[in-house]
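Structural description and commentary
Each chain, written out:
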Amino acid sequence: EAQVTQNPRYLITVTGKKLTVTCSQNMNHEYMSWYRQDPGLGLRQIYYSMNVEVTDKGDVPEGYKVSRKEKRNFPLILESPSPNQTSLYFCASGFPGTGFRGSYGYTFGSGTRLTVV
Amino acid sequence: AQSVTQLGSHVSVSEGALVLLRCNYSSSVPPYLFWYVQYPNQGLQLLLKYTSAATLVKGINGFEAEFKKSETSFHLTKPSAHMSDAAEYFCAVSSQGGSEKLVFGKGTKLTVNP
């Protein structure tokens, strides 16, 4: 089944304790992205990746890191989490926006609800 | 830069009534437009998309949307609401030949009353 898999689904952690949220897709998508969803703010892009070893900042990258060593994986790293990073996080993948393949839109994971206390 | 405005953060309709969720976009180049739906405790699911073919687009679960360039709008409609339509709906825009970034609106939460 074509899907984007995020782990964990729920995570409660303490301020300053490094954590990684994993994201994996099995559709050979070139493009992957992380979003955070907060009430009243919709989805905001954190980082995105156009392909292996190619990453760039989105709208709210502060406090986050990413890596893209393999095409299928795009982990989100919080080196020193803070309470303002408490949010619902989504990973998404797709083909680049240009051309026909870009018209497919993105496939989203089921989300990771992170609480930082 | 692209942007999306969804009018109304909450919309409430009766079961069987028309659903109308509004979306206006801004894009300097011809856009791709999408509607996503998020059911409680789930991820986002693609409902329908406009990619410069037919201006009236049909999606899943009886939803459709019409692209109106003159009004820069892409409103989502469904003739008759069902209880199972209760969810949050997001409009999104990306640009053909431009950034691959998908920009989302802030979402509209749809409540369906019996």
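Residues numbered from 1 in each chain as written. Chains lettered and ligands numbered in written order. Predicted model: local features only at pLDDT ≥ 70, side-chain atom pairs only at ≥ 80, totals over all residues. Heavy atoms only, no water.

Our focus in this paragraph is the sheet that holds strand 7 (residues 65-66) of chain A. Residue and element names in this part refer to chain A. Spatial ordering of the open sheet is given by 1-3-8-7, a layout of 4 strands whose pairing is antiparallel. Both edges of this open sheet fall to strand 1 (4-7) and strand 7, since each of them pairs with a single strand only. In terms of strand pairing, strand 7 meets strand 8 (residues 76-78) through 2 bridges, oriented antiparallel. Among the inter-strand pairings, K65 is bridged to a residue of strand 8, identified as I77. (Pairing = 2+ DSSP bridges. Helix = DSSP H or I, 4+ residues; strand = E, 2+ residues; numbered from the N terminus.)

Within the structure shown, the criterion is met by 15 aromatic pairs over all chains. A ring pair is formed by Y35(A) and F104(B), whose centres lie 5.3 Å apart and whose planes are at 85°; its orientation type is edge-to-face. Separated into two different chains, Y35(A) in strand 4 (residues 31-38) and F104(B) in strand 10 (residues 103-104) make up a pair that spans both. The residues Y35(A) and F104(B) share a single accessibility class, namely buried. Note on Y50(B) and F74(B): the rings are 6.4 Å apart at their centroids and 55° apart in plane angle, and the pair reads as tilted. A residue pair is termed long-range when its members are at least 10 positions apart, and Y50(B) in strand 5 (residues 44-50) and F74(B) in strand 8 (residues 73-78) qualify at 24 residues. Residue Y50(B) shares its accessibility class with F74(B), and that shared class is buried. Ring pairs connect the aromatic residues Y35(A), F90(A), F108(A), F34(B), Y36(B), F90(B) and F104(B), which therefore count as one cluster. (Phe/Tyr/Trp six-rings, centres within 6.5 Å; stacked < 30°, edge-to-face > 60°. Buried < 20%, exposed > 50% of the residue type's maximum accessible area, 1.4 Å probe, protein only.)

Time to look at the pattern of salt bridges. All names here are of chain A. Under the counting rule described, the total for this entry stands at 5 salt bridges over all chains. Between D38 and R36 there is a salt bridge; the shortest N-O distance is 2.8 Å. Residue classification places R36 among the buried positions, given a relative accessible area of 9%. (Salt bridge = Lys/Arg side-chain N within 4 Å of Asp/Glu carboxyl O.)

Moving on to a nonpolar patch on the surface. All names here are of chain A. Judged by side-chain polarity, I12, V14 and V117 come together as a nonpolar surface patch covering roughly 310 Å² of accessible area. Among the secondary structure elements, I12 is positioned in strand 2 (residues 10-13). Given a relative accessible area of 66%, I12 falls into the exposed group. (Patch = residues over 30% accessible without salt bridge, like charges linked within 9 Å, V, L, I, M, F, W, Y side chains within 5 Å. Areas by Shrake-Rupley, 256 points an atom, 1.4 Å probe, with all protein chains shown as cover.)

The subject of this paragraph is the nonpolar core. Counting 28 residues, the largest nonpolar core has W35(B), L47(B), L48(B), F74(B), L76(B) and Y89(B) as its most contacted members. Only strand 2 (10-14), strand 3 (19-26), strand 4 (31-38), strand 5, strand 7 (64-68), strand 8, strand 9 (87-95) and strand 11 (108-113) of chain B provide two or more residues apiece to this core. Sequence-distant contacts of L76(B), defined by excluding residues within four places in its chain, comprise V19(B), L20(B), L21(B), W35(B), L47(B), L48(B), F63(B), E64(B), A65(B) and Y89(B). C23(A), I46(A), V66(A) and L76(A) belong to the second largest nonpolar core, which has 19 residues in total. (Core = buried A, V, L, I, M, F, W, Y, C linked by side-chain atoms within 4.5 Å. Contact = heavy atoms within 4.5 Å.)

Residues and elements named next belong to chain B. Taken together, 5 strands build an open sheet; the order of strands is 1-3-8-7-6 and the sheet is antiparallel. The open sheet terminates on both sides in strands that have one partner only, identified here as strand 1 (3-7) and strand 6 (56-58). The average undirected angle you get between the axes of adjacent strands in this sheet is 20°. Pairing between strand 7 and strand 8: 5 bridges, direction antiparallel. By the bridge assignment, E64 is partnered in strand 8 with T77. (Axes fitted to C-alpha atoms, helices over the stretch in contact; angles between N-to-C directions.)

In this structure, the largest pocket encloses a volume near 610 Å³. In terms of lining, the largest pocket is formed by 30 residues, of which the most central are Q37(A), L88(A), Q38(B), E88(B) and K109(B). The set of elements that each furnish at least two residues to the lining of the largest pocket consists of strand 4, strand 9 (87-94) and strand 11 (112-116) of chain A together with strand 9 and strand 11 of chain B. The element best represented in the lining of the largest pocket is strand 9 of chain B, accounting for 3 residues. Counted by class, the lining of the largest pocket contains 9 nonpolar, 15 polar and 6 charged residues. Within this model, the second largest pocket holds a volume of roughly 220 Å³. Lining the second largest pocket are 17 residues, and of these L41(A), L43(A), V103(B), F104(B) and G105(B) lie nearest its centre. Looking at the lining of the second largest pocket, the elements that each hand over two or more residues are strand 5 (42-51) of chain A together with strand 1 and strand 10 of chain B. (1 Å grid on protein atoms, 1.4 Å probe; cavity = no way out; pocket = protein on both sides within 12 Å on 5 of 7 lines; lining within 4 Å. Points joined across faces, edges and corners; volume = space filled by probe spheres on them. Nonpolar A, V, L, I, M, F, W, Y, C, P; charged D, E, K, R; others polar.)

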